[in-house]
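Remarks on the overall topology
Residue strings, one per chain:
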Amino acid sequence: MTTIYILWLRQLKRYVRSRTRIVASLGQPLLYLLGLGFGFSPVFEKAGQGSYIQFLAPGVIAMTVLFSSIFSGIELIFDRQFGFLKEMLVAPVPRLLIMVGRTLGGATVSIIQGLMVTVVCVIAGFRPSLSSLPAALLFLALIAIVFTAMGTAIASVLSDFQGFQLVMNFLVMPIFFLSGALFPLKNLPKAMEILATLDPLSYGVDGLRSVLIGASHFGVATDFAVLSVLSVVFMAIGAKLFSRIQL
Amino acid sequence: MIKVQNLVKTYGQIEAVRDISFDVQQGEIFAFLGPNGAGKTTTIKMLTTLLRPTSGTVEIDGLDASKHQNEVRKRFGIVFQDPSLDDELTAWENMDIHGALYGVPRKLRHERTDMLLKLFELADRRDSFVKTFSGGMRRRLEIARGLLHTPKILFLDEPTLGLDPQTRNQLWTHVQKLNQEERVTVFLTTHYMEEADRVAQRIAVIDHGKIVAQGTSAELKQRTDTETLEQAFLALTGSSIREEGAEANRDLRNMARMWRKN
Ligand SMILES: Nc1ncnc2c1ncn2[C@@H]1O[C@H](COP(=O)(O)OP(=O)(O)O)[C@@H](O)[C@H]1O
Ligand SMILES: [Mg+2]
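Residues numbered from 1 in each chain as written. Chains lettered and ligands numbered in written order. Predicted model: local features only at pLDDT ≥ 70, side-chain atom pairs only at ≥ 80, totals over all residues. Heavy atoms only, no water.

**Side note on the overall build of chain B**
- Counting its secondary structure elements, chain B contains 10 helices and 10 strands.
- Its C-alpha atoms give chain B a radius of gyration of 18 Å, within 12% of the compact-globule value 18 Å for 262 residues.
- On the principal axes, the C-alpha backbone points of chain B span a range of 50 × 50 × 40 Å.
- Counting all 262 residues of chain B, 54% fall into the buried class.
- Here the analysis covers contacts within chain B between residues at least 6 apart in sequence; of these, 68% occur between residues at least 24 apart.
- Accessible area for chain B stands at about 11800 Å²; split by element, carbon and sulfur atoms hold 48% of it. (Helix = DSSP H or I, 4+ residues; strand = E, 2+ residues; numbered from the N terminus. Rg over C-alpha atoms; globule rule 2.2 N^0.38 Å. Buried < 20%, exposed > 50% of the residue type's maximum accessible area, 1.4 Å probe, protein only. Contact = heavy atoms within 4.5 Å. Areas by Shrake-Rupley, 256 points an atom, 1.4 Å probe, with all protein chains shown as cover.)

Spelled out as structure tokens, the structure:
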């Protein structure tokens, strides 16, 4: 328990101390929210889909959590480069606990980021139902755990940043764009619909949307079930790969 | 305490460790000497479960290191050759995480942290971030951290590299005290022959991944018909200069890559 706590705390301390990361990570969502939000608003509304800002905000929040989580996981490469990974790997505690502590710490950071962006969205005109916040928090946590664990799994098999760009371009960006964060999943071309169904983030976006604005594609129960299962699966994969690291 | 048999590690074409065998007795201070790139660090990584051997076996305190990794990890402490601190944390926080991971009770861990930071003259910087530390200070903190818990075996991989004589003296005095009072077995590598001569009860000389000689300092001198351990070492390993450890180069390359990508 101490192991999980101490590594969780480490992630949080590192986050709180890196002001640039905090500010920088708010920039991108803001850009999407203002650029896309106000840009597409007229078209979206004319098409009879309601307010685009209302629709987009949960997507932007999910995007924030996605990027932040993947980054937290990938940060493991920094630990490898700067050497702290050695200190963790020789510690006389199961590597599983180390991985869990690190991942929960990274996920907590992502949740905080997601909440900050939620506030930004509200300032920009987003109006979620307040009673939905606990449920929204639960979805934020699930998205955060799934993708921090995914990032950790990836970082466990990369020894430096060479593969990082590849991961961003061919994994993380597609996960984001195919998730329905920016557009409704209704009436998509068949191929796209299949990809969206396979994309874990789709369920995160949809879950957030269903609790925050009451619109859902898969149904909130499905979203919750799929994300819960994926959390466990990715944690297991991440833990397995992390335990196997050699230096 | 440590029993190594026919240990081999190859990296692709490179044979870093080629079939070495040795024993270290409980309570012994054992020095592993060799030129740059001889295979010392690679051996230590295999002894400390960080690296799986290509072949051969390692037994730590009677336990197979590749099967009972966790049990083995409970038995040793290590000061790495390369940096292993968290730069974004303070000296004190680095110590505290270590103590927590090694299950040192909070009160004891705070006492020992204070004592060790004082011993290695870091007490006034305990709340500074490690990223603001000089090379020597980082090294001292790595050592202080390695001594925070009292393991059965202590691995020291070139612990004194880049340290001033005062700190070196401080370290070896402390290590000898641990060895005598707590019966800690010590496995060390160093480039300073007079250090090995001073503290080690037994010495193995490794070159090109093979052990070329083993024995007490006196035995090695006698065998090579030399006066000092340094002369004995040169007689055993030749006097040609080895390239800088590839490890350092690799780290540099990685760093360069990292900065280009970001
Ligand atoms: N990860 C690695 N990949 C490839 N070669 C390596 C790696 N680590 C060490 N080596 C090589 O193994 C040899 C032994 O290195 P090392 O154990 O670090 O030597 P020492 O610690 O005695 O200076 C060197 O030739 C080094 O280049
Ligand atoms: Mg070395």
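Read on for the rest.
**Comments concerning the interface of chain B and chain A**
- Taken together, the contacts link 36 residues of chain B with 29 residues of chain A.
- On inspection of chain B and its partner chain A, the count reaches 5 salt bridges.
- Across the pair B:Arg145 and A:Glu87 runs a salt bridge, and its minimum N-O distance is 3.3 Å.
- On the surface where chain B and chain A come into contact, there are 11 residue pairs in polar contact (both at pLDDT 80 or more).
- Broken down by secondary-structure element, the contributors of at least two residues to the side of chain B that touches chain A are helix H2 (69-73), strand E6 (76-79), helix H3 (91-101) and helix H10 (246-261) of chain B.
- Per-element accounting of the side of chain B that touches chain A gives the leading share, 7 residues, to H3(B).
- Taken together, the residues that form the side of chain B that touches chain A break down as 15 nonpolar, 8 polar and 13 charged. (Salt bridge = Lys/Arg side-chain N within 4 Å of Asp/Glu carboxyl O. Polar contact = N/O pair within 3.5 Å; in protein donor to acceptor, adjacent residues only side chain to side chain. Nonpolar A, V, L, I, M, F, W, Y, C, P; charged D, E, K, R; others polar.)

**Some remarks on the environment of A:Phe161**
- Counting through the fold element by element, A:Phe161 comes out in the loop between helix H7 (133-157) and helix H8 (164-177).
- For A:Phe161 and A:Phe78, which are 83 residues apart along the polypeptide, the C-alpha to C-alpha distance reads 8.8 Å.

**Some words on the packing of helix H6 (residues 95-123) of chain A against H7(A)**
All names here are of chain A.
- Orientation of H6 relative to H7, taken along the N-to-C sense of each, is 130°, at an axis distance of 8 Å. Classed by the angle they form, the pair H6 and H7 counts as oblique. When you trace H6 past H7, the crossing you get is right-handed. Residues Met99, Thr103, Leu104, Gly106, Ala107, Ser110, Ile111, Gly114 and Leu115 of H6 touch H7, and the partners they reach there are Leu137, Leu140, Ala141, Ala144, Ile145, Thr148, Ala149 and Thr152.
- Looking at the contact of H6 with H7, its residues break down into 11 nonpolar, 6 polar and no charged. (Axes fitted to C-alpha atoms, helices over the stretch in contact; angles between N-to-C directions. Parallel < 35°, antiparallel > 145°, perpendicular 65-115°, else oblique. Left-handed = near helix turned anticlockwise from the far one by under 90°.)

**As for the packing of aromatic side chains**
- Counting across every chain of the model gives 19 aromatic pairs over all chains.
- Centre to centre, the rings of A:Phe78 and A:Phe82 are 6.3 Å apart; their planes meet at 20°, and the pair counts as stacked. Linking A:Phe78 with A:Phe82, this pair stays in helix H4 (residues 76-82), spanning 4 residues, or about one helical turn.
- Overall, the relative accessible area of 32% leaves A:Phe82 in the partly exposed class.
- With 5.2 Å between their ring centres and 45° between their planes, B:Phe32 and B:Phe187 make a pair best called tilted. Here the residue B:Phe32 occupies a position in strand E3 (residues 29-33), and B:Phe187 occupies one in strand E8 (residues 185-189), the gap between them amounting to 155 residues. With respect to burial, B:Phe32 and B:Phe187 carry one shared label: buried.
- Here B:Arg168 stacks its cationic end above the ring of B:Tyr192, 3.9 Å away from the centre of that ring. (Phe/Tyr/Trp six-rings, centres within 6.5 Å; stacked < 30°, edge-to-face > 60°. Lys NZ or Arg CZ within 6 Å of the ring centre and 35° of its normal.)

**Considering the environment of B:Gln81**
All names here are of chain B.
- With respect to the helices, strands and loops of the structure, Gln81 is situated in the loop between E6 and H3.
- Measuring from C-alpha to C-alpha, the distance between Gln81 and Leu156 comes to 7.8 Å, with 75 residues separating the pair along the chain.
- Those residues in contact with Gln81, other than ones at most four positions away along the chain, are Thr41, Arg139, Asp157 and Glu158.
- Within the local environment of Gln81, its side chain forms a polar contact with the side chain of Thr41, the two groups lying 2.6 Å apart.

**Section: the sheet that holds strand E7 (residues 153-157) of chain B**
All names here are of chain B.
- The strand order across the open sheet built from 6 strands is E6-E7-E8-E3-E9-E10, with neighbouring strands paired in mixed fashion. At either end of the open sheet lies a strand with only one pairing partner, and these are E6 and strand E10 (210-215). Within the sheet, the average angular offset between the axes of one strand and its neighbour, ignoring direction, is 15°.
- Both E7 and E8 contribute to a ladder of 5 bridges, which runs parallel. (Pairing = 2+ DSSP bridges.)

**Some words on the coordination of the magnesium ion (ligand 2)**
- Taken together, the protein donors to the magnesium ion (ligand 2) comprise B:Thr41 (OG1) and B:Gln81 (OE1), at separations of 2.0 Å. Separated by 40 residues along the polypeptide, B:Thr41 in helix H1 (residues 40-47) and B:Gln81 in the loop between E6 and H3 bring together distant segments of the chain. (Donors = N, O, S within 2.8 Å, 3.2 Å for Na, K, Ca; no water.)

**Some details on the sheet that holds strand E2 (residues 14-24) of chain B**
All names here are of chain B.
- With antiparallel pairing, 4 strands are arranged side by side in an open sheet as E2-E1-E4-E5. Where the open sheet ends on each side, the last strands, each with one partner, are E2 and strand E5 (63-64).
- Note: strand E4 (residues 55-60) against E5, 2 bridges, orientation antiparallel. Looking across to E5, one finds that Ile60 is bridged to Leu63.

**A few points about the nonpolar core**
- Counting 108 residues, the largest nonpolar core has A:Leu66, A:Phe147, A:Leu208, B:Ile2, B:Phe22, B:Phe155 and B:Phe187 as its most contacted members.
- If one sorts the elements of this core by residue count, helix H3 (residues 52-74) of chain A sits on top with 14 residues.
- Residues contacting B:Ile2, with those up to four places away along its chain left out, are B:Phe22, B:Asp23, B:Val24, B:Leu47, B:Glu59, B:Ile60, B:Ile153, B:Phe155 and B:Phe187.
- Grouped together as the second largest cluster of nonpolar side chains are 41 residues, B:Leu33, B:Phe133, B:Met137 and B:Leu163 included. (Core = buried A, V, L, I, M, F, W, Y, C linked by side-chain atoms within 4.5 Å.)

**Here we look at the pairing of E2(B)**
Residue and element names in this part refer to chain B.
- With 7 bridges joining them, strand E1 (residues 2-11) and E2 adopt antiparallel strand pairing. Across the sheet, residue Lys3 finds its bridge partner in E2, namely Asp23.
- Adjacent in sequence and paired antiparallel, E1 and E2 are bridged by 2 residues, among which Gly12 carries a positive phi angle near 55°.

**Things to note about the side chain of B:Asp64**
Residues and elements named next belong to chain B.
- Mapped onto the elements, Asp64 comes out in strand E5.
- One polar contact links the side chain of Asp64 to the main-chain amide nitrogen of Ser66, over a distance of 2.9 Å.
- When sequence neighbours within four positions are dropped, the list of residues in contact with Asp64 reads Val58, Glu59 and Val72.

**What about the side chain of A:Glu75?**
- Take A:Glu75: it is sitting in the loop between H3 and H4.
- Those residues in contact with A:Glu75 that lie beyond four places of it in its chain are A:Gln11, A:Arg14, A:Arg21 and A:Arg102.

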